[in-house]
Amino acid sequence: MAADNNKQEATLAVISTQITMMNQNIMENFKNIREDIKSMEAANRANLESLEGRLNKRIDSTNKRVETLEKEEKDTIATKAKHGVFAGGAGAVLTYGFLELIKRLH
């Protein structure tokens with residue numbers, strides 16, 4: 001019976017050692033997984049920041065283009081208004097001249 005107890009104790013010691021080793025391996029694997037997740041999160045964060053930077057540059061570029069187009073539109077409207085005033089004045093002078101010519105012809 002003592003031999004059986006010694007045998008059982010030796011078997012339990014081996015099983016206990018194996019369980020401890022398995023536990024250590026599992027804990028090491030969890031640690032590695034956590035580190036991998038942190039590394040992936042950092043890489044994703046860096047990619048998102050890079051994407052955000054590129055997107056902000058494009059938005060700024062688009063805003064500058066819109067501002068330029070709006071300025072050009074205002075300048076075009078002002079130029080057309082000036083030309084309209086000039087054309088209206090010239091038309092009025094021509095109309096007055098034709099009326100005077102018609103008066104003199106009659």
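Residues numbered from 1 in each chain as written. Predicted model: local features only at pLDDT ≥ 70, side-chain atom pairs only at ≥ 80, totals over all residues. Heavy atoms only, no water.

Novice: Explanation requested: the overall build of the protein chain in the structure shown.
Specialist: Regarding its fold elements, the protein chain presents one helix and zero strands. Here the protein chain has a C-alpha radius of gyration of 45 Å; the compact-globule value for 106 residues is 13 Å, and the former is much larger. With the principal axes as the frame, the protein chain shows a C-alpha extent of 150 × 15 × 10 Å. By the burial criterion, 0% of the 106 residues in the protein chain qualify as buried. Working note: accessible area of the protein chain is about 10,000 Å², and carbon and sulfur atoms make up 61% of it. Counting 16 positive and 15 negative side-chain charges, the protein chain places the averaged centre of each group 12 Å from the other. (Helix = DSSP H or I, 4+ residues; strand = E, 2+ residues; numbered from the N terminus. Rg over C-alpha atoms; globule rule 2.2 N^0.38 Å. Buried < 20%, exposed > 50% of the residue type's maximum accessible area, 1.4 Å probe, protein only. Areas by Shrake-Rupley, 256 points an atom, 1.4 Å probe, with all protein chains shown as cover. Lys, Arg positive; Asp, Glu negative; His and termini not counted. Charge placed at Lys NZ, Arg CZ, Asp CG, Glu CD.)

Novice: Would you mind showing me how to read a nonpolar patch on the surface here?
Specialist: A cluster of nonpolar side chains, namely Ile26, Met27, Phe30, Ile33, Ile37 and Met40, defines an oily patch on the protein surface of about 570 Å² accessible area. Examined against the element boundaries, Ile33 turns out to sit in helix H1 (residues 2-105). On the accessibility criterion, Ile33 (45% relative accessible area) is partly exposed. (Patch = residues over 30% accessible without salt bridge, like charges linked within 9 Å, V, L, I, M, F, W, Y side chains within 5 Å. Salt bridge = Lys/Arg side-chain N within 4 Å of Asp/Glu carboxyl O.)

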